[in-house]
Amino acid sequence: MNIIEAMEERRSVRSFDGKGLTEEQKSELMKAVEEAYDPFGGKVTVRLKKFDLKGGYKPSTYGMINGAEDFFMIAMGDDEASQLSVGFRFEQVVLKAWEMGLGTCWIAGTFKGSDFDKGEKWPDGEELKVVCPVGFAKKPSMMEKFARFSLGSKNRKPFDSLFFYQDFEHSVPEDNQFRQALQMLRISPSSTNSQPWRALVVGDTVHFYYKPKSKISALDTAIGMCQFFETEKFKGVEGKFHKVTDAPVPPEDWRYLYSYSL
């Protein structure tokens, strides 16, 4: 499958078949970690660790995880740049895993002192903030189906309530060059399906904002920005992220993050 198909088909997986990754799969995933593009320069450390299933490693947040043996552990700095880097970089790994036939599930929380963090030493200024199981999915359990239903995982806000054109009153035209990339942003995963991202298209520039929903709303938005960027790259379009000092002022309490220009 190509990257667009991966974005369209990917779902969070919480039930796994209990079989660990092969060394070849681990190597391919860590290569994706090392090669992931990051335009934001935050502090991020990613490790892939195998746990004994008999040890009872079941994260208590964002649904129950069953049968997972291999977990990514992601430490980060306590600043916006690090949130952006984690969201943007690791979503590339999540998509690569899906292309390899592997399921994942973003889990953000406080893991200090947990089994995940036990025995780990992280670079100065970084703390374990995200874990992510990775492996082969099995048929979803009733608990997983209930979790997906209660979180509204398949539901997405209307396109025209998230993305705007020229000002914050007009919709992005159907034939606009950024329409597909914004749609891929729209279907991105986010914590509790909060969908905090917002964007304004002005000429050949897209300004990205987020509506604060939680402490990791910037991270969630960066996941979407990654899917936007990967779509543009798939189309053969070259663009870059940059900060502007005069970003259009939004009508609500949205926070400006970055802009993308061709």
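These notes cover the structure that comes with them.

Reading the values: the criteria
- Residues numbered from 1 in each chain as written.
- Predicted model: local features only at pLDDT ≥ 70, side-chain atom pairs only at ≥ 80, totals over all residues.
- Heavy atoms only, no water.
- Phe/Tyr/Trp six-rings, centres within 6.5 Å; stacked < 30°, edge-to-face > 60°.
- Buried < 20%, exposed > 50% of the residue type's maximum accessible area, 1.4 Å probe, protein only.
- Helix = DSSP H or I, 4+ residues; strand = E, 2+ residues; numbered from the N terminus.
- Lys NZ or Arg CZ within 6 Å of the ring centre and 35° of its normal.
- 1 Å grid on protein atoms, 1.4 Å probe; cavity = no way out; pocket = protein on both sides within 12 Å on 5 of 7 lines; lining within 4 Å.
- Points joined across faces, edges and corners; volume = space filled by probe spheres on them.
- Nonpolar A, V, L, I, M, F, W, Y, C, P; charged D, E, K, R; others polar.
- Pairing = 2+ DSSP bridges.
- Axes fitted to C-alpha atoms, helices over the stretch in contact; angles between N-to-C directions.

## Looking at the packing of aromatic side chains
Here is step 1 of the chain: Under the definition given, this model contains 28 aromatic pairs.
Here is step 2 of the chain: Each ring, one from Phe159 and one from Phe163, has its centre 4.9 Å from the other, and the planes form 70°; the classification is edge-to-face. With respect to burial, Phe159 and Phe163 carry one shared label: buried.
Here is step 3 of the chain: When the ring of Phe168 is compared with that of Trp254, the centres are 5.7 Å apart and the planes differ by 70°; the resulting orientation is edge-to-face. Taken together, the residues span a long stretch of sequence, with Phe168 in the loop between β6 (163-165) and α5 (179-186) and Trp254 in the loop between β9 (240-242) and β10 (255-261) at a distance of 86 residues. Exposure class is identical for Phe168 and Trp254. Each is buried.
Here is step 4 of the chain: Three or more aromatic residues joined by ring pairs make a cluster, and in this case those are Tyr37, Phe40, Phe88, Phe178, Phe208, Phe228, Phe229, Phe241, Tyr258 and Tyr260.
Here is step 5 of the chain: For the cation-ring pair, Arg47 lies above Trp122, with the distance from its terminal atom to the ring centre recorded as 4.0 Å.
Here is step 6 of the chain: Geometry around Phe159 places Arg179 over its ring, the cationic atom sitting 3.8 Å from the centre.

## Let's talk about empty space enclosed by the protein
Here is step 1 of the chain: Counted under the stated rule, the structure contains two cavities of 30 Å³ or more.
Here is step 2 of the chain: When its volume is computed, the largest cavity comes out at roughly 50 Å³.
Here is step 3 of the chain: Looking at the largest cavity, the residues that line it are Val33, Ala36, Val44, Val46, Ser85, Val86, Arg89, Phe90 and Val93.
Here is step 4 of the chain: Those elements that place two or more of their residues in the lining of the largest cavity are β1 (44-50) and α3 (80-99).
Here is step 5 of the chain: Examining the composition of the lining of the largest cavity, we find that five residues originate from one element, α3, more than from any other.
Here is step 6 of the chain: Split by residue class, the lining of the largest cavity holds seven nonpolar, one polar and one charged.
Here is step 7 of the chain: Roughly 30 Å³ of internal volume is contained in the second largest cavity.
Here is step 8 of the chain: Contributing to the lining of the second largest cavity are Phe16, Asp17, Gly18, Lys19, Gly20, Gly67, Ala68, Glu69, Asp70, Val134 and Gly135.
Here is step 9 of the chain: For the lining of the second largest cavity, a count of residues per class yields three nonpolar, four polar and four charged.

## Concerning the sheet that holds β6
Here is step 1 of the chain: Spatially, β6-β7-β8-β10-β9 is the arrangement adopted by the five strands of the open sheet, whose pairing is mixed. Both edges of this open sheet fall to β6 and β9, since each of them pairs with a single strand only. Adjacent strand axes in the sheet meet at a mean angle of 25° when their direction is disregarded.
Here is step 2 of the chain: Note: strand β7 (residues 197-202) against strand β8 (residues 205-210), six bridges, orientation antiparallel. When the bridges of β8 are listed, Val202 appears paired with Thr205.

Any functional reading would require information beyond the geometric quantities listed.
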